[in-house]
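This is what each chain is made of:
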Amino acid sequence: MTESLVPASSATGRSHRDGTPLGERGATRARRGGAFAAGALAALAAAACGGRVVVDGFEPPDGAGGSGGVGGSTSAVAPDPTGPGQGGEGGAPPIPPLVEEDLGEVAVGVPVPVDIPPGTLGFTAIAQITTSPPSFDPIGIAEIAGPDGRTFVADYTLPGTLASFFNQGIGTAAVPQTGAAAAVPLVPGTYWITIGDGDLGLPAAPARLSVWRRQTLDGRFHGGKLDINAFIAGDAVSEAYMQRALRTAYQGFVGLDVGSVTVHRLGPEWGFIDEETLPIVLEQTAEARGRPALNVIAVSQFGGRFADAAGATPSAPSVAVEHGTHLSGIVVTLFGEPEVDTVILRHELGHFTGLFHTTEFQASFADPLDDTRRCDDVLEQLELCPDYDNIMFPTGGDLSGAMTLQQRTVVQASAVYRGIVEDGGGAADPLPAGRTPSPARAAPAPAGPGQGAAIAPGDRAWAASLPPRAAALLGGHFCGHSAAAGADFFALLRAVGGADEGRLLAVGRDPGAPVQARARALAAAGRAAAASASAPPARVLAELQALAADPGLPRRARLGAIQGVAAASPAAARALAVRLAGDPDSVVGRMAARAAR
């Protein structure tokens, strides 16, 4: 789904460089029942983040690597060995693969004509309020109409989806994102684009409209190079593992090669991300290199509305041609299990380039492509869903990573990579630096994936005592898009019979269970205990405290236990924070302190 990641009830924003809250900006009633939160870009509306390729030879993350200052400094660069602009074959492209048409400041509500010539694979429209620091005022793409009068985007959405093509200070939409527009090459002619403020009734700030057009000599995809800026928050993951995970996930994905991978450092205060801090951490990408490029921010843990998520993408599509905006990247937490981490990274790139979930948790909502299968009831059918093998299934599915032709077309038509315009040609050089990026805000408050051995998804002994659908939720990938659409992980787990404290604790203790399943099970055990008729849940609480303090457990499992303690008893969470203040794992100590607030 392409909805903007805006939570339904938050109304506070952060605007000062020191990261202190601005206070109430006045919740404005948003379309379809939400409220546009000035500082709370609630992420990703899909339950799982997928792309499934079995990978061997990974080293588990060691949690090592120092932390840099806020905003990050480049600490390691792994360049494309063939060199930019050559792609290992051919020469420089005879035409530019990616062209920007800068239409300048345009009036809200007035259609603007854009000529799309033959040979175009697709285009991305970006409406932006250009302020420094980045604005939190709503702006987006209200309508896109084609040469034949067909409407591709209307009223900031696509029929049958949960899409909302407006966001905080910057909004996007793309063609193709629907089956009707997924032809190759794209129908040329004059398209009409209208920008707006999401119909929120706020004063319309001047906004700039740009259209980024992907083209080749014959209107066919010929490959390209995906450059990546990796941002690591504190000790969330080692540089070595981050490099390998990115290259394994993206090399060959939809026919693209990985170009350069540049590693930046963020301070440990960015290790915890919720709906309030998501847009602000994306501002930290202002120092990123190259255009176009994918910015990937690795953090230790998601919380707030994103609790139990493993990935958050602010909008579908997001922005690869400018850094430091509220749509400039994806945010992930990696588990050190190569197959699952590939799922997370590929699924989030799918959202970033404009893909929706094949089917949503909310009945009757699905993607707008013609060749993807749909499920009547995801929660009821889950592994029996016909789209369970698809990369964009909302729970990660069976990890096989299937994609349809139209899904591939959407990614290939996006602006995320340096393109090749003809068979045997070379990839374009990176584009020159764009507008001077805005200074990034500091973290609003102080803030590693697990280090256990990888467990193959097919090894299900740990799940024997659980209902199958509960095991699928615990072991899959829960993505922030589903949270943005109102899905609550624990509520989903409870709905499929997975809220028994004893069984959840057993999964959390089981060294044979995938680390993401252990972490989620322990967090859920605390919530189940809090909801139990027996009060206080002394036995569950005592075990969660012991597991949180056990240095022999993977970091991920310990963090899940900390979440469980906080859910069961705020007082116990405060005591646990004191106990873990001097823990050798600084991420554990930091997260315990945060959970105790």
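Structural data are supplied above this passage.
Quick caveat, the model's predicted, so the values are computed rather than measured. (Residues numbered from 1 in each chain as written. Predicted model: local features only at pLDDT ≥ 70, side-chain atom pairs only at ≥ 80, totals over all residues. Heavy atoms only, no water.)

K.L.:
Give a detailed account of the overall build of the protein, specifying residues and quantitative values.
P.N.:
What the protein contains, in helices and strands, is 14 helices and 22 strands. Buried positions account for 63% of the 597 residues belonging to the protein. For the protein, the accessible area works out to roughly 19,200 Å², and carbon and sulfur atoms hold 53% of it. (Helix = DSSP H or I, 4+ residues; strand = E, 2+ residues; numbered from the N terminus. Buried < 20%, exposed > 50% of the residue type's maximum accessible area, 1.4 Å probe, protein only. Areas by Shrake-Rupley, 256 points an atom, 1.4 Å probe, with all protein chains shown as cover.)

K.L.:
Tell me about the packing of aromatic side chains, and name the residues and values.
P.N.:
As enumerated under the stated definition, the model contains seven aromatic pairs in all. Ring geometry for Phe152 against Tyr191: centres 6.0 Å apart, planes inclined by 25 degrees, an arrangement best described as stacked. Of this pair, Phe152 sits in strand 10 (residues 151-153) while Tyr191 sits in strand 13 (residues 189-196); the two residues are 39 residues apart in sequence, bridging distant segments of the chain. Consider the rings of Phe302 and Phe306, whose centres lie 6.2 Å apart with planes at 80 degrees: the pair is edge-to-face. The two residues Phe302 and Phe306 agree in class, both being buried. Taking NZ or CZ as reference, Arg214 lies 3.7 Å from the ring centre of Tyr417, over its face. (Phe/Tyr/Trp six-rings, centres within 6.5 Å; stacked < 30°, edge-to-face > 60°. Lys NZ or Arg CZ within 6 Å of the ring centre and 35° of its normal.)

K.L.:
Describe unusual backbone geometry, with residues and values.
P.N.:
Looking along the chain, the bond that leaves Ser132 and enters Pro133 is cis, with omega of 0 degrees. Residue Tyr156 is not a glycine yet carries a positive backbone phi of 65 degrees. Positive phi is not limited to glycine here, since Val254 has a value of about 50 degrees. Along the chain, Val254 turns up in the loop between helix 1 (239-250) and strand 16 (256-266).

K.L.:
I'd like to hear about the environment of Gly259, residue by residue, with values.
P.N.:
Looking at the element boundaries, Gly259 is found in strand 16. Given a relative accessible area of 0%, Gly259 falls into the buried group. Between the alpha carbons of Gly259 and Lys225 there is a distance of 5.0 Å; along the sequence they are 34 residues apart.

K.L.:
Requested: an account of the sheet that holds strand 14 (residues 207-215), with residues and values cited.
P.N.:
Overall, antiparallel pairing links the four strands, which are arranged 6-14-8-12 in an open sheet. Each edge of the open sheet is held by one strand with a lone partner, namely strand 6 (98-106) and strand 12 (170-175). Ignoring which end each strand starts from, the neighbouring axes of this sheet average 15 degrees apart. (Pairing = 2+ DSSP bridges. Axes fitted to C-alpha atoms, helices over the stretch in contact; angles between N-to-C directions.)

K.L.:
Could you give an account of the nonpolar core, with specific residues and numbers?
P.N.:
Counting residues in each nonpolar core, the largest one holds 76 residues, and the members touching the most others are Val331, Trp462 and Leu474. No other element matches helix 10 (residues 515-531), which puts seven residues into this core. In contact with Trp462, other than residues within four places in its own chain, are Ala471, Leu474, Gly475, Val507, Asp510, Gly512, Ala513, Pro514 and Ala517. Tyr241, Phe253, Val263 and Ala298 belong to the second largest nonpolar core, which has 43 residues in total. (Core = buried A, V, L, I, M, F, W, Y, C linked by side-chain atoms within 4.5 Å. Contact = heavy atoms within 4.5 Å.)

K.L.:
Mind laying out the pairing of strand 7 (residues 112-116), listing which residues take part and the relevant values?
P.N.:
By the alternation rule, side chains of strand 7 split into Val112, Val114 and Ile116, which are all buried, and Pro113 and Asp115, of which none is buried. Relative to strand 13, strand 7 runs antiparallel, the two sharing five bridges. Pairing of Asp115 across the sheet is with Thr190, part of strand 13.

K.L.:
Describe empty space enclosed by the protein, and please don't skip the residues or the numbers.
P.N.:
Where empty space is left can be seen by rolling a probe of water-molecule size over the atoms. Of the volumes computed, that of the largest cavity is approximately 120 Å³. Contributing to the lining of the largest cavity are Gln301, Phe302, Asp308, Ala309, Thr333, Phe335, Ala519, Arg520, Arg556, Leu559, Gly560 and Gln563. At the level of secondary structure, the elements contributing two or more residues to the lining of the largest cavity comprise strand 19 (301-302), helix 10 and helix 12 (555-568). Residues that form the lining of the largest cavity fall into these classes: five nonpolar, four polar and three charged. (1 Å grid on protein atoms, 1.4 Å probe; cavity = no way out; pocket = protein on both sides within 12 Å on 5 of 7 lines; lining within 4 Å. Points joined across faces, edges and corners; volume = space filled by probe spheres on them. Nonpolar A, V, L, I, M, F, W, Y, C, P; charged D, E, K, R; others polar.)

K.L.:
An account of helix 1 is requested, with residue identities and associated values reported.
P.N.:
Side chains of residues three or four places apart in an α-helix project in the same direction, reflecting 3.6 residues per turn. In a regular helix each residue adds 1.5 Å, so twelve residues correspond to 16 Å; helix 1 covers 17 Å between its end C-alpha atoms and thus fits that length. Just past helix 1, the residue Gly252 takes up positive phi, approximately 85 degrees. (Expected span 1.5 Å × (residues − 1).)

K.L.:
Run through helix 14 (residues 586-595), naming residues and quoting values.
P.N.:
Within helix 14, the full set of buried residues consists of Val587, Val588, Gly589, Met591, Ala592 and Arg594. If you follow the buried residues of helix 14, they end up packed against strand 17 (272-273), strand 19, helix 11 (538-548), helix 12 and helix 13 (570-579). At the N-terminal boundary of helix 14, the capping side chain belongs to Asp585, with an oxygen 3.0 Å from the backbone nitrogen of Val587. (Polar contact = N/O pair within 3.5 Å; in protein donor to acceptor, adjacent residues only side chain to side chain.)

K.L.:
Got a sec to walk through the layout of surface pockets? Specific residues and values, please.
P.N.:
The space that makes up the largest pocket amounts to roughly 520 Å³. In terms of lining, the largest pocket is formed by 27 residues, of which the most central are Phe272, Gly303, Gly304, Ala307 and Gln563. Elements represented by at least two residues in the lining of the largest pocket include exactly helix 8 (489-495), helix 10, helix 12 and helix 14. At four residues, helix 12 tops the list of elements feeding residues into the lining of the largest pocket. Looking at the lining of the largest pocket residue by residue, the classes come out as 15 nonpolar, five polar and seven charged.

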